[in-house]
Amino acid sequence: MASVYIPVQNSEEEVRVNLDQLPRDASDILDILKAEQAPLDLWLIIAREYFKQGKVDQFRQILEEGASPEIDEYYADIRYERIAILNALGAYYSYLGKIETKQREKEEHFILATQYYNKASRIDMHEPSTWVGKGQLLLAKGEVEQASAAFKIVLDGDRDNVPALLGQACVEFNRGRFSDSLELYKRALQVFPNCPAAVRLGIGLCRYKLGQFEKARQAFERVLQLDPENVEALVALAIMDLRANEAVGIRKGMVKMQRAFELYPYCAMALNYLANHFFFTGQHFLVEQLTETALAVTNHGPTKSHSYYNLARSYHSKGDYDKAGVYYMASVKEISKPHEFVFPYYGLGQVQIKLGDFRSALSNFEKVLEVYPDNCETLKALAYIYVQLGQTDKGHEFIRKATKIDPRDAQAFLELGELLILSDTGAALDAFKTARTLFKKGGEDVPIELLNNIGVLQFERGEFELAKQTFKEALGDGIWLSFFSEANKTSIDAATSTLQFKDMQLFHDLESNGHHVEVPWDKVTVLFNLARLLEQLNESGTASVLYRLILFKYPDYIDAYLRLAAIAKARNNILLSIELVNDALKVDVKCPNALSMLGELELKNDDWVKAKETLRRASDATDGKDSYATLSLGNWNYFAAVRNEKRNPKLEATHLEKAKELYTRVMIQHSANLYAANGAAVVFAEKGHFDVSKDIFAQVQEAASGSVFVQMPDVWINLAHVYFAQGNFALAVKMYQNCLRKFYHNTDSQILLYLARTHYEAEQWQDCIKTLQRAIHLAPSNYTLRFDAGVAMQKFSASTLQKAKRTADEVRATVAGLQNAVRIFSQLSAASNLHIHGFDEKKIDTHVGYCTHLLSAAKVHLEAAEREEQQIRQRQELARQVALAEEARRKAEEQRKIQMDRRKHEDELKIVQQQEENFKRVKEQWKSSTHSKRRERSDDEDGGTAEKKRRKGGKRRKKDKHSKSHNDTEEAEADMMDEQEMEDEDVDMNSREEPQTQMNDDEENPHGLLALAGLEDSDADDEPAGPPSTISRRRQALSESDDDQPIMRQTSPVREQSVDMEESDGEIRDEKRHEDDGSDEEK
Amino acid sequence: MKLAGIKSIDNAHDDSVWAVTWAPATATRPPLLLTGSLDETVRLWKSDDLVLERTNTGHCLGVASVAAHPLGSIAASSSLDSFVRVFDVDSNATIATLEAPPSEVWQMRFDPKGAILAVAGGGSASVNLWDTSTWELVVTLSIPRVEGPKPSDKSGSKKFVLSVAWSPDGKRLACGSMDGTISVFDVQRAKFLHHLEGHFMPVRSLVYSPYDPRLLFSASDDGNVHMYDAEGKALVGTMSGHASWVLCVDVSPDGAAIATGSSDRTVRLWDLNMRASVQTMSNHTDQVWGVAFRPPGGNDVRSGRLASVSDDKSISLYDYS
């Protein structure tokens, strides 16, 4: 039992003080010490003992007493001990200052410490221990250079002074000169081999910093041998174990860490590492507790920063972005330079992205990039931010840099592709393909979303077969194989049920046969896209089975219903289509796409009022933001304007205005909406502003070219209409023909009708008749076309007859043409007895009458022409005879000359007389022929009256022409409208064609006839009720007929497509996010 | 099974070629190819070189259909003016001129025995049968009016008869109409049997399998080819693939394949076992209005031939094997 003996003054006795049993009240001891004037070293010993026992107050009491001026006076010549006491106090306050977290008190402690040391210095300037103490104090204050100077003073005096050596080592360590530090530690150890374990700890740390991990480990282990409870060594070893990054190492490390924690629960480093560990094991509660403790026990900036970082990460991974952001921020605040600890910046950036604060995130990621200029994750994050901020170019730059730095980072290429999708699909596709190759090379599974995106891009670029391969690859193995792989086709005959659009029996059968009918959720989109592609490839049967497969498993997949409805619609099965759309509406009553489609179908069914309501509902369902619904309503109004039978001008104007307003509304929302532009241009054309509308059409046409999904034949037709209205027939013809070939496989009889009408106006009768025949061939049941053909033939014949010069062949052709016309008209008149085609029998009869009349006239013409031909022939004959006669006469004269016979002369005279008679007869013949001519002329005059009539008609026609051009424009507009509608339809995939067709159907027959009648002047005469308005109506009818349907069909795919794309994007984005998290974790 | 192009004649007619058929070989000559065109002529071609044998004039409007008697000596052509001209294939002598107003004339087909000529009557919703010895109208097979809930019958949805086909035994006659329905008649009893449903767009061409009197193929504007059990009223299968209207269909003499022509400018060959398109010929530059397999008979029975005609004014001949 250790004890000290305090010599009793003036005696030989000693007071024995048991060190283990020091009195609680230090004053007792102090009294003794003072009373006995005990040597100062005893004071020190006792104070130290108090300190060791943790009785700091007593320690301080004794020392402060020992440093009091009284003592100074009393022990004035005992310098060393006094210095020792002062130094002890200095050291104590240095320590207090060092561990104090509050800045003000910290300062106070340091000031006190400085005072004590200064006092010690005053006693002896050269006392090394004072210098050492000062050095320590300076170190604690962070004034490394001054500390170094202090230690140096000591070492200059005694180069083996251990505390100075240690201090200097510490200085060098802090300066980052680890090898120098190591040298100093080593020297200290040589000088004082039994020095405390801490020296070896220093050695270990130096070695560790120098990268000599084995030696470091040995040093730490030695420390532990000497002092099994040395927390620092334990922590150091544990960190080394953890760094080893092997399961065994980590486990060993954690054991050590835990032991360190048990030994001393307030070591911030250990706490942080433990927290780190529990973060990875997912025990977030422990993480928070540990880091909070760590934060409470340390004020060391980097350590705190680490703790905050741990805490933030924990919240980040739990998805509590707000809290995570706060802690990341706290962590960042503890860091003076980003170089020291950059992770929290990264985390903060991520959280800010999540919270939408892109600008702050940007600056944080830029800081990370300063430290790690080649960090791909950071580059990708920055790229993402720039894209979000709308600086797409910069985004591209960063992501491209990332792909350059690590050309094997499939993820980077994937993101690059996503960035490029909007701007440059070709480059996007390349990026995706690279990503795919990289995934494959890396032996990883290619993400389904990636394949899906590749497929969609290929689809969009028209590389259908490639897209099919890609989608199939994405789908992999599954029940769907049995529906489209040819090998299996015979085993499961899907074809039989292709028409039963709602038939799920097929799948039930498969299930009951032991097949597993399963569609993983992540493959639904791909399956849908494949089905869309099959539709595009015209394999609608298979597509329908796939859609039904989707619905079998996911009965809420509205798009599949809508596609099935679209297929049914393409097959003209309107009722089924409506049924399917209603199924979709059962899933979501407000689905705007389904409502729009329903509206279109109702229009097709001629349900105008219902359709308008449905379209309104669709528009309301999206707060008027769905341009398709708005455009549909615009089209509805346009049709209403053009359609009205009574042609109420007021109503027409209102409808037109309304239509224009709706188009304009769409244009305001989406300035690039082709269909709205088209619609607006149609309204312009309707109002006669052809130049404006032509400009717009031309722009729309240009914009619409280039994508598989945007097909706008309407705009072509509208342009052609405008050309037509402006009298530029050649261009109009070209436009119509191109449109027909490009979009309709030459199957659209309506466009043929436009074409015929253009030929008619251009007076190219043969072309007109041929074109009409083609149209009849395509649409045999459209009797209007026949009527038109009849009219064209009639007109052709009439115009031939009016010609000043004509050959008999021409006249013959005319007669044939008229006969054909009569036949056609009489057939029509017979047919109209059978069916209701809207033909006015009377009118047909008039035509028949007129044609027969023309025919009889033509027959006369023919006769005349033929007679003329005969006469010409006769004349030739006559001339020949005359020549013969002359010849005979010459011969006779010769004879006369030879014979010189008078009698014969007489005979000659006789012959001459005879000849003269002959001549007379010929003359008479001539006369009679002129007479007949005259008769003919009278015939002509008849014709003339007819002509006159016609001329009257012609006048009317001129008037008509006005109206006609009007009409034309209207037609053009109508067409345009149609086109617009089609566009609208694109948007929603459905609909607008029907209205037009219906209108056509309704009006076309009557109007079409009227229109044709309008073409023929005589018709105008015939038609009492045929004022210009009817004609115009007719024309409109013509124009209306234009063709919305095809467009609609095409458009719908686009929509879906885009939807798909969005979905896939979403998925991909999610993935990205996961990856980010992952990268965090790695860090 | 495949097609190999043998020869194509560009500008075989002055305008679109709309109709094609084979006049079978007779004792004195090999089979001839007959084509009808918008240029109002019918032309006869010697295979395999497609040498123009003769040009028949006489129609006033485009020739929409040609049909040849199974014995090969007689043929009929019809144009949009709804006259049917029956003529001697070898001499071009007119045998008869048929018309049955107000019926129009669309597709025509001789029955397998050659006793009757069936003529699709368009808007009259009927098929007219003409006796081929007297050239008198035997009977008119009318499609019964459907008591539909659709009073506002549009012109497109009427039973406008476009196409006809004879079953190989000559007992059944099927006709296709604008609204997509196919009607089946019992010829002997002159009785309407039933409709075949599935198409909703015009059926422009029909053909029975040469071996199975129940199996009927139909081509429709909806882009699909349907296979029906014409007796059982059942849709047996559909084949999709054409990008536009399917305008014509013909079945190969061996019954293993069908060929179709479409507005998408292609001719497709379909394997009936696989029910899939096995080949697509894209040599035409406009819609293909007619395809016709050469009937067996004559000297070189074994080599199959397919002819196709198109709006591009050309005729193409393929080897089918």
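Residues numbered from 1 in each chain as written. Chains lettered and ligands numbered in written order. Predicted model: local features only at pLDDT ≥ 70, side-chain atom pairs only at ≥ 80, totals over all residues. Heavy atoms only, no water.

Participant: Before we move on, can you summarise helix α25 (residues 448-460) of chain A with the specific residues and values?
Facilitator: Since the α-helix packs 3.6 residues into each turn, any two residues three or four apart lie on the same face. All names here are of chain A. Across its 13 residues, α25 extends 18 Å between first and last C-alpha, which sits within 8% of the 18 Å expected from 1.5 Å per residue. In terms of burial, α25 is largely enclosed, as 12 of its 13 residues are buried. In the stretch just after α25, G462 is the one whose phi turns positive, near 85°. (Helix = DSSP H or I, 4+ residues; strand = E, 2+ residues; numbered from the N terminus. Expected span 1.5 Å × (residues − 1). Buried < 20%, exposed > 50% of the residue type's maximum accessible area, 1.4 Å probe, protein only.)

Participant: Kindly report on the sheet that holds strand β6 (residues 63-68) of chain B, identifying the contributing residues and their values.
Facilitator: Residue and element names in this part refer to chain B. Pairing is antiparallel in the open sheet, where four strands are placed in the order β6-β7-β8-β9. Only two strands of the sheet have a single partner each, and these edge strands are β6 and β9 (94-98). The sheet shows a mean angle of 15° between the axes of neighbouring strands, taken without regard to direction. Both strand β7 (residues 74-79) and strand β8 (residues 84-88) contribute to a ladder of five bridges, which runs antiparallel. In the sheet register, S78 faces β8, and the bridge partner there is V84. (Pairing = 2+ DSSP bridges. Axes fitted to C-alpha atoms, helices over the stretch in contact; angles between N-to-C directions.)

Participant: For the interface of chain A and chain B, give the residues involved together with the corresponding values.
Facilitator: Taken together, the contacts link 45 residues of chain A with 54 residues of chain B. Carbon and sulfur atoms supply 52% of the area buried between chain A and chain B, which totals about 4200 Å² over both sides. On the chain A side of the contact with chain B, H745, H777 and R823 of chain A bury the most area, a combined 16% of that side's loss. Taken together, the links from chain A to chain B amount to five salt bridges. Two residues, R823 of chain A and E99 of chain B, come together in a salt bridge whose shortest N-O distance is 2.8 Å. Its residues assigned to classes, the side of chain A that touches chain B comprises 14 nonpolar, 19 polar and 12 charged. (Contact = heavy atoms within 4.5 Å. Buried area = accessible area lost by both parts, 1.4 Å probe. Salt bridge = Lys/Arg side-chain N within 4 Å of Asp/Glu carboxyl O. Nonpolar A, V, L, I, M, F, W, Y, C, P; charged D, E, K, R; others polar.)

Participant: Would you mind going over the packing of aromatic side chains in detail, with residue names and values included?
Facilitator: Tallied over the entire structure, the rule returns 21 aromatic pairs over all chains. Taken together, a centroid distance of 5.2 Å and an interplanar angle of 65° make the contact between Y92 of chain A and Y93 of chain A edge-to-face. With relative accessibility at 8%, the residue Y92 of chain A sits in the buried group. Aromatic side chains Y346 of chain A and F365 of chain A sit 5.2 Å apart centroid to centroid with 90° between the ring planes, which places their arrangement in the edge-to-face category. Of this pair, Y346 of chain A sits in helix α19 (residues 343-355) while F365 of chain A sits in helix α20 (residues 358-371), placing them 19 residues apart in sequence. We note that Y346 of chain A, like F365 of chain A, is buried. Through successive ring pairs, a cluster of aromatic residues spans Y92, Y93 and Y116 of chain A. Its guanidinium or amino end placed over the ring of F83 of chain B, R823 of chain A lies 3.5 Å from that ring's centre, counting from NZ or CZ. Lying across the ring of W22 of chain B, R294 of chain B places its NZ or CZ 5.7 Å from the centre. (Phe/Tyr/Trp six-rings, centres within 6.5 Å; stacked < 30°, edge-to-face > 60°. Lys NZ or Arg CZ within 6 Å of the ring centre and 35° of its normal.)

Participant: Let's hear about the UniProt feature "repeat: TPR" (unreviewed entry) in chain A: which residues, and what values?
Facilitator: Residues and elements named next belong to chain A. The UniProt record marks residues 197-230, 342-375, 376-409, 713-746 and 749-782 with the feature "repeat: TPR" (unreviewed entry), using the residue numbering of this structure. End C-alpha to end C-alpha, residues 376-409 measures 9 Å, and it is 79% helix and 0% strand. Each end of residues 713-746 is marked by a C-alpha atom, and these two atoms are 12 Å apart; helix forms 85% of the span and strand 0%. (UniProt positions renumbered as here; feature names shortened; annotations may be inferred.)

Participant: Could you give an account of the nonpolar core, naming the residues involved and the relevant values?
Facilitator: Residues and elements named next belong to chain A. Residues W480, F483, L549 and V581 are the most contacted members of the largest nonpolar core, which totals 114 residues. Among the elements that line this core, the one with the most residues is helix α32 (residues 558-570), at nine residues. If sequence neighbours within four positions are ignored, L549 has contacts with I479, W480, F483, F507, V517, V519 and L527. (Core = buried A, V, L, I, M, F, W, Y, C linked by side-chain atoms within 4.5 Å.)

Participant: If you had to explain a nonpolar patch on the surface to someone new, which residues and values would you point to?
Facilitator: All names here are of chain A. Where nonpolar side chains cluster on the molecular surface, the patch consists of Y264, Y266 and V297 and spans about 280 Å² of accessible area. With respect to the helices and strands, the residue V297 is situated in helix α16 (residues 284-297). For V297, a relative accessible area of 31% puts it in the partly exposed group. (Patch = residues over 30% accessible without salt bridge, like charges linked within 9 Å, V, L, I, M, F, W, Y side chains within 5 Å. Areas by Shrake-Rupley, 256 points an atom, 1.4 Å probe, with all protein chains shown as cover.)

Participant: Explain the side chain of D39 of chain B to me, and be specific about the residues and the numbers.
Facilitator: All names here are of chain B. Relative to the helices and strands, D39 is located in the loop between β3 (32-37) and β4 (42-46). R43 provides the closest opposite charge to the buried, salt-bridge-free D39, at an N-O distance of 4.4 Å. Only 2.8 Å separates the side chain of D39 from the backbone nitrogen of D14, close enough to count as a polar contact. Polar side-chain contacts of D39 include one of 2.6 Å to the side chain of T41. (Lys, Arg positive; Asp, Glu negative; His and termini not counted. Polar contact = N/O pair within 3.5 Å; in protein donor to acceptor, adjacent residues only side chain to side chain.)

Participant: I'd like a description of the UniProt feature "repeat: WD" (unreviewed entry) in chain B, backed by residues and values.
Facilitator: Mapped onto the present numbering, the UniProt feature "repeat: WD" (unreviewed entry) falls on residues 10-46, 56-97, 154-195, 196-238 and 239-280 of chain B. Along residues 10-46 of chain B the backbone is 0% helical and 49% strand, and the end-to-end C-alpha distance reaches 16 Å.

Participant: For the packing of helix α15 (residues 268-281) of chain A against helix α17 (residues 301-318) of chain A, give the residues involved together with the corresponding values.
Facilitator: All names here are of chain A. Direction vectors running N to C along α15 and α17 enclose 15°, while the axes themselves pass 10 Å from each other. Relative to α17, α15 is oriented roughly parallel. Our pair here, α15 against α17, has a crossing hand that is left-handed. Contacts between α15 and α17 involve A268, M269, N272, A275, N276, F279 and F280 on the former and, on the latter, T303, H306, S307, N310, R313, S314 and S317. (Parallel < 35°, antiparallel > 145°, perpendicular 65-115°, else oblique. Left-handed = near helix turned anticlockwise from the far one by under 90°.)

Participant: Help me get a handle on unusual backbone geometry, residues and values and all.
Facilitator: The backbone of N746 of chain A shows a phi angle near 60°, a positive value even though the residue is not glycine. Along the chain, N746 of chain A falls in the loop between α41 (729-744) and α42 (749-761).

Participant: An account of the sheet that holds strand β17 (residues 191-196) of chain B is requested, with residue identities and associated values reported.
Facilitator: All names here are of chain B. Sheet architecture is open: four strands sit in the order β14-β15-β16-β17, paired in antiparallel fashion. The open sheet is flanked by β14 (161-166) and β17, the only strands paired with a single partner. Put simply, the sheet's adjacent strands are angled 25° from each other on average, direction ignored. Pairing of β14 with strand β15 (residues 172-177) involves five bridges; the strand directions are antiparallel. Bridged to W166 within β15 is L173.

Participant: Outline the environment of E518 of chain A, listing residues and values.
Facilitator: All names here are of chain A. Among the secondary structure elements, E518 is positioned in the loop between α29 (505-512) and α30 (524-536). Overall, the relative accessible area of 38% leaves E518 in the partly exposed class. In sequence terms E518 and K553 are 35 residues apart; their C-alpha atoms lie 7.4 Å from each other. When residues no more than four places from it in sequence are discounted, the contact partners of E518 are I479, W480 and K553.

Participant: Go over the pairing of strand β28 (residues 315-320) of chain B with me, naming the residues and quoting the values.
Facilitator: Residue and element names in this part refer to chain B. Counting buried positions along β28 yields five of six residues, so the element is predominantly enclosed. Sheet analysis places strand β1 (residues 3-9) next to β28, joined by six bridges and oriented antiparallel. By the bridge assignment, I9 is partnered in β28 with I315. Here strand β27 (residues 304-310) pairs with β28 via six bridges, running antiparallel. Across the sheet, the residue bridging to V309 is I315, located in β28. Connecting the antiparallel pair β27 and β28 is a turn made up of four residues, with K313 showing a positive phi of about 75°.

Participant: Give me the packing of helix α3 (residues 56-66) of chain A against helix α5 (residues 79-99) of chain A: which residues, what numbers.
Facilitator: In a packed pair of helices, the relevant descriptors are the angle between the two axes and the axis-to-axis distance. Residue and element names in this part refer to chain A. Between α3 and α5, the shortest axis-to-axis distance is 9 Å and the interhelical angle comes to 140°. The pairing of α3 with α5 is recorded here as oblique in orientation. With respect to the hand of their crossing, α3 and α5 are arranged in left-handed fashion. On α5, the residues that touch V56, F59, R60, L63, E64 and G66 of α3 are I85, A88, L89, Y92 and Y93. Of the residues belonging to the contact of α3 with α5, the class tally is eight nonpolar, one polar and two charged.

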